Protein chains: 2
Amino acid sequence: MAYAKSGWTALADATRRTIFERLVDHPSSVSGLARALPVSRPAVSQHLRVLKDAGLVVDAPAGKQRIYRVDPAGLAALRAELDVFWSKTMAAYKTAIEQPPEEPK
Amino acid sequence: MAYAKSGWTALADATRRTIFERLVDHPSSVSGLARALPVSRPAVSQHLRVLKDAGLVVDAPAGKQRIYRVDPAGLAALRAELDVFWSKTMAAYKTAIEQPPEEPK
DNA sequence: CTTACGCGTTAGCGATGGCTTACGCGAAGA
DNA sequence: TCTTCGCGTAAGCCATCGCTAACGCGTAAG
């Protein structure tokens, strides 16, 4: 409810992941991204809006252009969430190995 | 053509993330999950199929039931992918701080 | 001022996705 | 055996999503 759009949702689309991966390598402008992708410029704009709403990228006007870059905070949030999954899973795995319920393989 | 989609796509849906979070805490059966969620049992089955195709969960028959648990391998793959984003982003940030291009007031 | 460029936004369309209802199959329990 | 329980799957409906085309606004250059 209070959540905007989750970062998971933002990175769900393949095109959007490609855009994000390019921004991870180096910041760039909207038309710069559009020129390297098989979609139109407005499509890139819409994808960037989703990524921005999810807190994964930030934008800054630079003359006529508008430069987008990755927001470390949003990326860190995703990483933290995934780390919780990871640590819980590992904990469950450890106890499962120490106490095999029935059938040792 | 709905072959093994990315883990990102699998975790995009909110309901599916909830299912995955429950499995992270403890393995459970299909109807067990359905009882705790506001969706029907077939819906849970379909979600579990997506998670399974993405390599995030594994299933094992247990009598009449079928127990689903998190697959550490799939989770590790996602973690690795995210870590690449993270390290690249941090590297770009470090160089940006060490070499500020300009400082317009 | 006029022109050109870069972006964001909207409307509309086709495709994708999640959900329910209704079915069929296999594994316990009586 | 037959009956019940737990699951998976197919069909169909409806919402959402990604895309393009067209428009309007602000900035830089002529």
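That block above? That's the structure.
So, how was this worked out
Residues take numbers from 1 onward in each chain, read along the sequence in its written order. Starting at A for chains and at 1 for ligands, labels are handed out in the order in which the entities are written. Totals for whole chains, interfaces and linings use all residues, but because this is a predicted model, local features are given only for residues with pLDDT of at least 70 and pairs of side-chain atoms are given and counted only at 80 or more. Excluding hydrogens and water, the side-chain values take into account all heavy atoms of the structure. When DSSP locates at least two bridges between a pair of strands, those strands are taken to pair. In this text, helices come from DSSP runs of H or I with a minimum length of four residues, and strands from runs of E with a minimum of two, each type numbered from the N-terminal end. We call two residues in contact when some of their heavy atoms are within 4.5 Å. Angles run from 0 to 180 degrees between N-to-C directions of axes, and those axes are lines fitted to C-alpha atoms, restricted for helices to the stretch in contact. Should a side-chain nitrogen of Lys or Arg be within 4 Å of a carboxyl oxygen of Asp or Glu, the pair is scored as a salt bridge. Residue burial is assigned from relative accessible area. The probe radius is 1.4 Å, only protein chains are included, and a residue is buried under 20% of its type maximum, exposed over 50%, and partly exposed in between. Throughout, buried area stands for the accessible area (probe radius 1.4 Å) lost by two parts on being put together, summed over both. Two N or O atoms count as a polar contact when they lie within 3.5 Å, although within protein this holds only if one can serve as hydrogen donor and the other as acceptor, and sequence-adjacent residues are included solely when both atoms are side-chain atoms. In what follows, roughly perpendicular refers to angles from 65 to 115 degrees, roughly parallel to angles under 35, roughly antiparallel to angles over 145, and oblique to any angle outside these ranges. Note on residue categories: nonpolar means Ala, Val, Leu, Ile, Met, Phe, Trp, Tyr, Cys or Pro, charged means Asp, Glu, Lys or Arg, and polar means any other residue, Gly included. Multiplying 1.5 Å by the helix residue count minus one yields the expected span of that helix. Arc definition: it is the arc formed by the directions from the helix axis to the C-beta atoms.

Trainee: Describe the sheet that holds strand β2 (residues 57–62) of chain A, with residues and values.
Mentor: Residue and element names in this part refer to chain A. Pairing in this open sheet of three strands is antiparallel, and the strands run β1-β3-β2 from one edge to the other. Among the strands making up the open sheet, the edge pair consists of β1 (28–29) and β2. For β2 and strand β3 (residues 65–70), the ladder comprises six bridges, and the chain directions are antiparallel. Note that in β3 the partner of A62 across the bridge is Q65. Relative to β3, helix α2 (residues 14–25) is tilted by about 90°, and along the sheet it contacts β1, β2 and β3.

Trainee: Just give me the short version of the pairing of β3(A), but keep the residues and values in it.
Mentor: Within a regular strand, the side chains alternate between the two sheet faces. Residues and elements named next belong to chain A. Of the strand pairs in this sheet, β1 and β3 are connected by two bridges, and their pairing is antiparallel. Counted as the bridge partner of S28 is Y68 from β3. Counting the residues in the hairpin turn of β2 and β3 gives two residues, including G63, whose phi is positive at 70°.

Trainee: Please set out the pattern of salt bridges residue by residue, giving values where relevant.
Mentor: Residue and element names in this part refer to chain A. Counted under the stated rule, the structure contains 10 salt bridges over all chains. Ionic pairing is found between D59 and K52, a salt bridge with its closest N-O pair at 3.3 Å. Residue D59 is classed as buried on the basis of its relative accessible area, which comes to 19%. By relative accessible area, K52 is classed as partly exposed at 40%.

Trainee: Summarise the interface of chain A and chain B; cite the residues concerned and give the values.
Mentor: At the interface, 24 residues of chain A touch 23 residues of chain B. Taken over both partners, the interface formed by chain A and chain B buries close to 2500 Å², and the fraction arising from carbon and sulfur atoms is 74%. Applying the counting criterion to the chain A and chain B interface returns four salt bridges. With a closest N to O distance of 3.1 Å, A:K88 and B:D25 form a salt bridge. Where chain A touches chain B, the interface holds six residue pairs in polar contact (both at pLDDT 80 or more). If you list the elements that add at least two residues to the side of chain A that touches chain B, you get α1 (7–10), α2 and α5 (72–98) of chain A. Broken down by element, the residue count for the side of chain A that touches chain B peaks at 13 residues, all from α5(A).

Trainee: How would you explain the packing of helix α2 (residues 14–25) of chain B against helix α4 (residues 41–53) of chain B if you had to name every residue and give the values?
Mentor: All names here are of chain B. Contact pair α2 / α4: the axes reach a minimum separation of 10 Å and the direction vectors enclose 75°. With respect to each other, α2 and α4 are oriented roughly perpendicular. On α4, the residues touching T15, R16, I19, F20 and L23 of α2 are V44, H47, L48, V50 and L51. Tallied by class, residues from the contact of α2 with α4 come to seven nonpolar, two polar and one charged.

Trainee: A description of α2(A) should follow, citing residues and the corresponding values.
Mentor: Residue and element names in this part refer to chain A. Compared with an ideal rise of 1.5 Å per residue, which puts 12 residues at 16 Å, α2 spans 17 Å between its outermost C-alpha atoms and is within 8% of the ideal. Within α2, burial applies to R16, R17, I19, F20, L23 and V24. For α2, the arc enclosing every buried residue in end-on projection is 160°, short of the 170-degree limit, so these residues lie on one face. Here α2 starts with a cap whose side-chain oxygen sits 3.2 Å from the backbone nitrogen of T15, and that cap is D13.

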